[in-house]
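Chains, contacts and geometry: an overview
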Amino acid sequence: AQSVTQLDSQVPVFEEAPVELRCNYSSSVSVYLFWYVQYPNQGLQLLLKYLSGSTLVKGINGFEAEFNKSQTSFHLRKPSVHISDTAEYFCAVSEVGVNEKLTFGTGTRLTIIP
Amino acid sequence: DAGVTQSPTHLIKTRGQQVTLRCSPKSGHDTVCWYQQALGQGPQFIFQYYEEEERQRGNFPDRFSGHQFPNYSSELNVNALLLGDSALYLCASIQRDGNEQFFGPGTRLTVL
């Protein structure tokens, strides 16, 4: 079984400042890693995913994440945030070969301060 | 491409009632997964349907059941509703050999 820990439930950041949202996972097997964003009253939208290869993954809206196997982390970063980035962000994992079952963290609410 | 669609958007039921939620997958996808997202929590996997059969199941009681139709659309049924079943129910679709799930907007279920 897998588990995901998002260490920060809320992160306030000033507009145009950089941000890092932390994610750690636990698994006894190889995993795929994902970051999803959820805007108010909406479903989930995929920001980026790590399947294999380069550990630095670039996604939509200027976000990127780095897979660190030794630290079992997959932190999400953005160099300069915008008001429109205000949302809930979820880190998720799936077992390689079992892509249908995602295990999510509890989410991090990113609030951008003008 | 319409993406994943779900109906209804909102639903209010009372304890003990039964509810059916519906989902149409993204064009070209043959697998549907259902998730429950309680307020302030991350989504939790309920089950997966492929070829009209339940293939995987999360830690949910038998009150939660589903169905998949030949056109790949799916239903989630919840019997004997409890207050704790109040949540956003998300449907996601994926191509069988794919690695990315696409989510619908969800159905907000309130149990009074």
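Residues numbered from 1 in each chain as written. Chains lettered and ligands numbered in written order. Predicted model: local features only at pLDDT ≥ 70, side-chain atom pairs only at ≥ 80, totals over all residues. Heavy atoms only, no water.

By a frequent convention, interface size equals the accessible area lost on bringing the separate parts together. Facing 22 residues of chain B, the contacting portion of chain A comprises 19 residues. A buried area of about 1,600 Å², summed over both sides, lies between chain B and chain A, and 52% of it is on carbon and sulfur atoms. Our enumeration of links across chain B and chain A arrives at one salt bridge. Residue B:Glu100 is joined to A:Lys49 by a salt bridge in which the shortest nitrogen-to-oxygen separation is 3.3 Å. At the boundary of chain B with chain A, the tally comes to seven residue pairs in polar contact (both at pLDDT 80 or more). (Contact = heavy atoms within 4.5 Å. Buried area = accessible area lost by both parts, 1.4 Å probe. Salt bridge = Lys/Arg side-chain N within 4 Å of Asp/Glu carboxyl O. Polar contact = N/O pair within 3.5 Å; in protein donor to acceptor, adjacent residues only side chain to side chain.)

A complete count under the given rule lists two disulfides over all chains for this structure. Here A:Cys23 connects covalently by a disulfide to A:Cys91, the sulfurs 2.0 Å from one another. Between A:Cys23 and A:Cys91, the S-S torsion sits near -65 degrees, and that sign places the bridge as left-handed. Pair noted here: A:Cys23 is in the loop between β3 (19–21) and β4 (24–26) and A:Cys91 is in strand β10 (residues 87–95), with a separation of 68 residues, a long-range link. Like A:Cys23, the residue A:Cys91 is buried in the burial classification. Paired by a disulfide, B:Cys23 and B:Cys91 hold their sulfur atoms 1.8 Å apart. Taking the torsion about the S-S bond as the criterion, the B:Cys23 to B:Cys91 disulfide, at about -60 degrees, is left-handed. Remark: B:Cys91 occurs in strand β9 (residues 87–94) and B:Cys23 occurs in strand β3 (residues 19–24); sequence separation between them is 68 residues. Take B:Cys23: its relative accessible area is 2%, and that puts it in the buried class. Take B:Cys33: it sits in no disulfide, and the sulfur closest to it among the cysteines is that of B:Cys91, at 8.0 Å. (Disulfide = S-S within 2.5 Å. Helix = DSSP H or I, 4+ residues; strand = E, 2+ residues; numbered from the N terminus. Buried < 20%, exposed > 50% of the residue type's maximum accessible area, 1.4 Å probe, protein only.)

The next point concerns the packing of aromatic side chains. Residues and elements named next belong to chain B. Under the defined criterion, the tally for this structure stands at 13 aromatic pairs over all chains. Where Tyr35 meets Phe103, the ring centres are 5.5 Å apart and the plane angle is 45 degrees; that geometry is what we call tilted. One end of the pair, Tyr35, is in strand β4 (residues 31–37); the other, Phe103, is in strand β10 (residues 102–103), and 68 residues separate them in sequence. Their ring planes at 65 degrees and their centres at 5.2 Å tell us that Phe60 and Phe64 sit as a pair that is edge-to-face. (Phe/Tyr/Trp six-rings, centres within 6.5 Å; stacked < 30°, edge-to-face > 60°.)

Take the sheet that holds strand β7 (residues 64–68) of chain B next. Residues and elements named next belong to chain B. On the basis of which strands lie adjacent, the open sheet formed by four strands has the order β1-β3-β8-β7 and antiparallel pairing. Looking along the sheet, the strands with just one partner apiece sit at the ends: β1 (5–7) and β7. With direction set aside, neighbouring strand axes in the sheet form an average angle of 20 degrees. (Pairing = 2+ DSSP bridges. Axes fitted to C-alpha atoms, helices over the stretch in contact; angles between N-to-C directions.)

Let us now look at the confidence of the model for chain A. Segments scoring low in pLDDT should not have their predicted coordinates read at a detailed level. Taken residue by residue, chain A gives an average pLDDT of 94. The fraction at 70 or more is 100%. By mean pLDDT, the top-scoring element of chain A is β3(A) (98), and the lowest-scoring one is strand β11 (residues 98–104) of chain A (88). (pLDDT = per-residue confidence, 0-100.)

Let us now look at the side chain of B:Gln56. On the secondary structure map, B:Gln56 appears in strand β6 (residues 53–57). Engagement of the side chain of B:Gln56 in a polar contact is seen with the side chain of B:Gln48, the distance being 3.0 Å. Every residue in contact with B:Gln56, bar those within four places of it in the chain, is listed here: A:Val98, A:Glu100, A:Lys101, B:Phe45, B:Ile46, B:Phe47 and B:Gln48.

Ranked by internal contacts, the top residues of the largest apolar core, which has 28 residues, are A:Leu33, A:Trp35, A:Leu47, A:Leu48, A:Phe74, A:Leu76 and A:Tyr89. Elements with a minimum of two residues in this core: β2 (10–14), β3, β5 (31–38), β6 (44–50), β8 (64–68), β9 (73–78), β10 and β12 (108–113) of chain A. Core analysis: the next-biggest nonpolar cluster, separate from the first, contains 20 residues, B:Leu11, B:Trp34, B:Ile46 and B:Leu76 among them. (Core = buried A, V, L, I, M, F, W, Y, C linked by side-chain atoms within 4.5 Å.)

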